[in-house]
Amino acid sequence: TTFVATGRRGETGSSAAVSAVSAVSVLPVSASAMRSSPAYYESALPGKGWGVLAARDIKPGELILTESPLIVVPWWVRHSMYAAKEKKECLAKAIKDLTKEQQKGFFNLHDSKVGENEPKTIDGIWRTNNFALGPSGPRSDNGLFLRISRFNHSCVPYAEFVWNEEVRMQEIRAIRDIPEGEEITICYFTLLVAARSQKERREYLLSHYGFPCDCQACNLVGEEKKLNDKERREVGTLEKRIECLLYEFPEDSQDDNDSSKDDDLSIEFDTELAYRDSIRGVNLTDSGGEDLDPDLVDILAGVKLSYHRLWLMGRLGFKLVSQLRICSSILEICDEWDLHTAGREALATGLRLAQHLYGVRSAQAQDWKSRLISVENL
């Protein structure tokens, strides 16, 4: 099966004393983790190969799937002196240790790194289908999942994946209402790519995964497309503007030729009404009287823009994990400046997002809940 106007992964510095081959993990896949959940089923989709559909209506926060990684490559392999050689040895050893059925499942996954009618490679399948286990970073391990690789991409996804370190499994939960029969999609890329234009996102997905996205956002045309591109670009521009308002930088920290000067950081809201709607629930009454410290004026402006950015990300369907980072950033500033009332909306939003992303009973959701209760008791 090949990618045709779809978003799919699935088919159609280390210690010198530890070798890369011995460090690769081939983890058993538990029957309970891999059996089909009543919430979904896999199906061939016309013109798309395989996909995952909702077997019933699914509510935000519902757990759709948990899966152990078939293969794990530790972070330090990427940073070794001979990274390409060690990764190749890692993967070869891992594939050899799989059962015949697991090997068949691995080689049935898509390889976006080869041309049409060219034979798949182990490295190409790995690069197309692996996930970071937890937040992407220099020390994040990477894993490959047979079942999760069946979930197609959308720039406005119905679900989101998150690594549960406690049980060492990847979870997929619904992040908005999913009607029965709808395809359950996830987002493959980061906030940086999500903030790009339709054309740039499609080019990125074609280059990295071998398909031009045909999701809701990538099918917009005319004025709707222009507005969507503009708001996504605004999410990226706001980040720079907010940083300038909230944080102090040395005067010589920017090069004279740096393009991110003040004249590049102006924000043009589509309508003043949209901006007011985005901060309607934000209360800054504990910020003092009219004679405010100039620094506090900047802080309040930065907090308001942060709420507007958060509103835009929710409206555009950005990943919940990215929205949670914005909530945490707002809270950090509000705590530092004793703006507890201003931070309450971020706490309420963070609680809702954490419940959808990690589950109502998760430690993350309970932490947001306890923080919200503490502020409400002030």
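Use the structure listed above.
Worth saying up front: this structure is predicted, and the values here are computed from it rather than measured.

Visitor: Looking at this structure, I do not really get the overall build of the chain. What am I missing?
Guide: Broken down by element type, the chain carries 13 helices and nine strands. Here the chain holds 378 residues, and the buried ones make up 48% of them. With an accessible surface of roughly 19300 Å², the chain has 50% of that area assigned to carbon and sulfur atoms.

Visitor: So what exactly am I meant to see when it comes to the layout of surface pockets here?
Guide: If a probe the size of a water molecule is rolled over the atoms, the empty space left behind becomes visible. Counted as a void, the largest pocket has a volume near 1400 Å³. As for the largest pocket, its lining consists of 49 residues, of which Phe131, Ala132, Gly134, Pro135 and Ser136 are closest to the centre. For the lining of the largest pocket, the secondary structure elements donating two or more residues are α5 (122-129), β6 (130-132), β8 (159-164), β9 (169-174), α6 (191-194), α7 (198-209), α11 (320-336) and α13 (363-376).

Visitor: What exactly am I supposed to notice about the pairing of strand β3 (residues 49-54) here?
Guide: On a regular strand, each side chain points to the face opposite its neighbour's, so the side chains alternate between the two faces of the sheet. Within β3, five of the six residues are buried, leaving the element largely enclosed by the surrounding structure. Direction of pairing for strand β2 (residues 40-45) relative to β3: antiparallel, over a ladder of six bridges. Bridge pairing in β3 links tyrosine 41 to leucine 53. The loop that links β2 with its antiparallel partner β3 comprises three residues; one of these, glycine 47, has a positive phi angle of about 75°.

Visitor: Can you help me understand the pattern of salt bridges in this one?
Guide: Once the charged atoms of two side chains with opposite charge are near each other, the side chains can pair. One pass over the structure, following the stated rule, counts 17 salt bridges. A salt bridge links lysine 59 to aspartate 177; its shortest N-O distance comes to 3.9 Å. Taken as a pair, lysine 59 in the loop between β3 and β4 (63-67) and aspartate 177 in the loop between β9 and α6 lie far apart in primary sequence, 118 residues in all. Take aspartate 177: its relative accessible area is 46%, and that puts it in the partly exposed class. A salt bridge links arginine 315 to glutamate 231, with the shortest nitrogen-to-oxygen separation between them at 2.9 Å. Taken together, the residues arginine 315 in helix α10 (residues 294-316) and glutamate 231 in helix α8 (residues 222-246) connect sequence positions 84 residues apart. Exposure remark for arginine 315: the relative accessible area of 47% places this residue in the partly exposed category. Here the salt bridges share partners, and the residues they tie into one network are Glu42, Arg147 and Arg150.

Visitor: I keep staring at the side chain of serine 43 and nothing clicks. Help me out?
Guide: Of note, serine 43 is situated in strand β2. Owing to a relative accessible area of 18%, serine 43 belongs among the buried residues under this scheme. Among all residues touching serine 43, those that are not within four sequence positions of it are Gly49, Trp50, Gly51 and Leu53.

Visitor: Quick question: what am I supposed to make of unusual backbone geometry here?
Guide: Even without glycine at this site, arginine 168 takes up a positive phi of about 55°. Secondary-structure assignment places arginine 168 in the loop between β8 and β9. By relative accessible area, arginine 168 is classed as partly exposed at 32%. For aspartate 338, which is not glycine, the phi dihedral falls at a positive 55°. Secondary-structure assignment places aspartate 338 in the loop between α11 and α12 (340-358).

Calculation notes
- Residues numbered from 1 in each chain as written.
- Predicted model: local features only at pLDDT ≥ 70, side-chain atom pairs only at ≥ 80, totals over all residues.
- Heavy atoms only, no water.
- Helix = DSSP H or I, 4+ residues; strand = E, 2+ residues; numbered from the N terminus.
- Buried < 20%, exposed > 50% of the residue type's maximum accessible area, 1.4 Å probe, protein only.
- Areas by Shrake-Rupley, 256 points an atom, 1.4 Å probe, with all protein chains shown as cover.
- 1 Å grid on protein atoms, 1.4 Å probe; cavity = no way out; pocket = protein on both sides within 12 Å on 5 of 7 lines; lining within 4 Å.
- Points joined across faces, edges and corners; volume = space filled by probe spheres on them.
- Pairing = 2+ DSSP bridges.
- Salt bridge = Lys/Arg side-chain N within 4 Å of Asp/Glu carboxyl O.
- Contact = heavy atoms within 4.5 Å.

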